Amino acid sequence: MVPMRVRRLALWLMFVGCGAGSTATLPADLEARVTREGVVRRAADVTFRYTEAPGRRSARWEDRRASIVVTPATILIHKNAKIGLEVTPRTQREVAVERDGRRVRIRAGQGRSEVLWSFEPPDGDVAGWSRDLRAALPE
């Protein structure tokens, strides 16, 4: 039988070893681009509610930890180098920003291909985030 100390040590090592790292690291080229554009808002390690086909019976959602960068021309939701949503002036799909209580919602696409990313701004400035996100949307 394994002594209790060994079990506790193994459990502690498992928790320490599985600690979640930051999601904020962008590849150098993307970091240079958003810096050139001028970062308006940035939040690291935010919990997003990602929903596929919102409002439909087939809707599925999950919480995802990611980071967001907003410039005058770009909205970027990412987990390090993995891009979840990128909105630029070249974006063809419909994108909208909505406020829902303490949450900001970013809708992208239409119909079955619509996705929704919602989050609570870490600084609590829902109005400011909504304004800056809308300003970054393509015309």
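You'll find the structure just up there.
Residues numbered from 1 in each chain as written. Predicted model: local features only at pLDDT ≥ 70, side-chain atom pairs only at ≥ 80, totals over all residues. Heavy atoms only, no water.

Asks: Which residues make up the nonpolar core, and what values go with them?
Replies: With 24 residues, the main nonpolar core has Ile-68, Ile-106, Phe-119 and Leu-133 as its most contacted residues. Of all the secondary structure elements, the ones that give two or more residues to this core are strand E1 (41-52), strand E2 (60-70), strand E3 (75-79), strand E4 (82-87), strand E5 (95-100), strand E6 (103-108), strand E7 (115-119) and helix H3 (126-135). Among residues more than four places away in sequence, those in contact with Ile-106 are Ile-68, Ile-75, Ile-77, Leu-85, Val-95, Ala-96, Val-115, Leu-116, Trp-117, Phe-119 and Leu-133. Core analysis: the next-biggest nonpolar cluster, separate from the first, contains 5 residues, Leu-26, Leu-30, Val-69 and Leu-76 among them. (Core = buried A, V, L, I, M, F, W, Y, C linked by side-chain atoms within 4.5 Å. Buried < 20%, exposed > 50% of the residue type's maximum accessible area, 1.4 Å probe, protein only. Helix = DSSP H or I, 4+ residues; strand = E, 2+ residues; numbered from the N terminus. Contact = heavy atoms within 4.5 Å.)

Asks: Quick rundown of the sheet that holds E5? Include the residues and the values.
Replies: As summarised here, the arrangement of the 7 strands in space is E4-E3-E2-E1-E7-E6-E5, forming an open sheet in which the pairing is antiparallel. Two strands close off the open sheet at either side, each with one partner strand: E4 and E5. With direction set aside, neighbouring strand axes in the sheet form an average angle of 30°. Summarising the sheet, E6 and E7 pair through 5 bridges and their orientation is antiparallel. For Ala-108, the partnering residue across the bridge sits in E7 and is Val-115. (Pairing = 2+ DSSP bridges. Axes fitted to C-alpha atoms, helices over the stretch in contact; angles between N-to-C directions.)

Asks: Got a sec to walk through the layout of surface pockets? Specific residues and values, please.
Replies: Taken as a whole, the largest pocket encloses approximately 160 Å³ of empty space. In terms of lining residues, the largest pocket is bounded by Arg-64, Arg-65, Ala-66, Ile-77, His-78, Lys-79, Lys-82, Ile-83, Gly-84 and Trp-117. Taken together, the elements giving at least two residues each to the lining of the largest pocket come down to E2, E3 and E4. Here the residues of the lining of the largest pocket sort into 4 nonpolar, 2 polar and 4 charged. (1 Å grid on protein atoms, 1.4 Å probe; cavity = no way out; pocket = protein on both sides within 12 Å on 5 of 7 lines; lining within 4 Å. Points joined across faces, edges and corners; volume = space filled by probe spheres on them. Nonpolar A, V, L, I, M, F, W, Y, C, P; charged D, E, K, R; others polar.)

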